[in-house]
Amino acid sequence: MSSTELPSVPAANVLPKVTPVRVAEGERLRSVGLPGITLSVRSRPPAREGLPPALYVHGLGGSSQNWSALMLELEDVLDGEAVDLPGFGDSPPPDDGDYSITAHARAVIRFLDASGRGPVHLFGNSLGGAVSTRVAAVRPDLVRTLTLVSPALPEIRVQRSAVPTALLAVPGMAALFTRLSRDWTAEQRVRGVTALCYGDPARVSPEGFRHAVEEMERRQQLPYFWDAMTRSARGLVNAYTLGGQHALWRQAERVLAPTLLVYGGRDQLVGYRMARKAVRSFRDSRLLSLPEAGHVAMMEYPDTVARAFREFLADTEGPDGGGASVGASGDAAGSAGAGAPEAASAGS
């Protein structure tokens, strides 16, 4: 193994014991074993029987906890589950060490196939947005609608504030960063992530910040923490360079499901200017524009995002969920509302 390669990590069955993942009141956490992967799945009982299923996919460095606030807001219209991608949250690394966009999409597809819950209302943020786009393109039978919050789709001019995240993909950079930041406390790391991902970090409640610090402390105990981060960042960068039918923007054009796009005006990781390109690329799309939001609008403004999804659902399936379709793309400009998030351990 060359000095630029990442070290191998222990098998999932020999990983050290760490602090349990936080489960909010009303939530459940379970482990699902699938070929080559084990996924941790967060859920909360729906308000009533018979609600349509939904699946939420987090971003780089995030976890299923990033969706807790939105799942709560939508519990009366969706039967929601949020997955921890392999190597993130409470999911152990994949057996083959593959963290590419394709591998993450394969994990989501395997879960949906095994659960038999499809087609679902699929939600994705950032990296999870790229993953969800690929899932919707290659397996349209599994996706009822698609909601993307700041999806990490290729940009020609990457924002300067996003460069450090992209540099994680450079061989040896993760090891260097680990050495340079070895004295940083979990609180310092969370403040940095919050400043990067939120339009207004003050919207994080004291309780939410404390929970995020506890989660950061837990993650730092995991021997594969940086491995998962680095390999996923590398997979995202590699996906940006793919051409042909595997190009993410090409796959966006193939998505058949009605799509709700959510972009924040203060997003430091995904350019706000990409919203219009996304609207043009997804054939049946609507745009929710939140000028004051950052990269994780579903955490900053869960009530606003939930309200937009309800309207989107009514437009695409009718007030009774009967499946009426809307063919033309639209623009639902929104203003950020109130509502403090419960966690700040967001990712890109």
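The rules behind the values
Residues numbered from 1 in each chain as written. Predicted model: local features only at pLDDT ≥ 70, side-chain atom pairs only at ≥ 80, totals over all residues. Heavy atoms only, no water. Helix = DSSP H or I, 4+ residues; strand = E, 2+ residues; numbered from the N terminus. Buried < 20%, exposed > 50% of the residue type's maximum accessible area, 1.4 Å probe, protein only. Contact = heavy atoms within 4.5 Å. Areas by Shrake-Rupley, 256 points an atom, 1.4 Å probe, with all protein chains shown as cover. Phe/Tyr/Trp six-rings, centres within 6.5 Å; stacked < 30°, edge-to-face > 60°. Pairing = 2+ DSSP bridges. Right-handed = clockwise from strand over helix to strand, strands pointing away. Expected span 1.5 Å × (residues − 1). Arc of directions from axis to C-beta.

Asks: Could you give me a rundown of the overall build of the chain, with the residues and numbers involved?
Replies: A count of helices and strands for the chain gives 12 helices and nine strands. A burial count over the chain gives 55% of its 348 residues as buried. Taking contacts inside the chain between residues at least 6 apart in sequence as the whole, the part at least 24 apart equals 78%. Carbon and sulfur atoms make up 53% of the accessible area of the chain, which totals about 14500 Å².

Asks: An account of the packing of aromatic side chains is requested, with residue identities and associated values reported.
Replies: The tally for this structure, following the rule as stated, stands at six aromatic pairs. Both rings, one in Tyr56 and one in Trp67, keep their centres 5.2 Å apart while their planes meet at 45°; by these two values the pair is tilted. Of the two residues, Tyr56 sits in strand 3 (residues 53–57) while Trp67 sits in the loop between strand 3 and helix 1 (68–73), which places them 11 residues apart along the sequence. Of the residues examined, Tyr56 reaches a relative accessible area of 1% and is grouped as buried. Ring centres of Phe225 and Trp226 lie 5.2 Å apart, and the angle between their planes is 70°; on these two criteria the pair is classed as edge-to-face. Taken together, the ring pairs in this structure connect Tyr56, Trp67, Phe123, Phe309 and Phe312 into an aromatic cluster.

Asks: Can you tell me about the pairing of strand 3, naming the residues and giving the values?
Replies: Two faces make up the sheet, and in a regular strand the side chains alternate between them. Along strand 3, five of the five residues are buried, which leaves the element largely enclosed by surrounding structure. Two elements, strand 3 and strand 4 (residues 79–84), share five bridges in a ladder whose sense is parallel. Across the sheet, Leu55 pairs through a bridge with Glu81, a residue of strand 4. Taken together, strand 3, helix 1 and strand 4 constitute a β-α-β crossover, and its handedness is right-handed.

Asks: Tell me what's going on with helix 6 (residues 186–197), and back it up with residues and numbers.
Replies: Between its terminal C-alpha atoms helix 6 stretches 16 Å, which fits the 16 Å expected from 12 residues at 1.5 Å a residue. Along helix 6, the residues that are buried comprise Ala186, Arg189, Val190, Thr194 and Cys197. Projected down its long axis, helix 6 shows its buried positions confined to an angular sector of 135°, all on one face.

Asks: Report on the pairing of strand 8 (residues 285–290), specifying residues and quantitative values.
Replies: Most of strand 8 sits inside the fold, with six of its six residues counted as buried. A two-sided burial pattern is seen for strand 8, the buried positions comprising Ser285, Leu287 and Ser289 on one face and Arg286, Leu288 and Leu290 on the other. Examined bridge by bridge, strand 7 (residues 259–264) and strand 8 share six bridges and lie parallel to one another. Bridge pairing links Leu260 to Arg286 in strand 8. Assessed by its sense of winding, the connection that carries the chain from strand 7 through helix 10 (residues 274–281) to strand 8 is right-handed.

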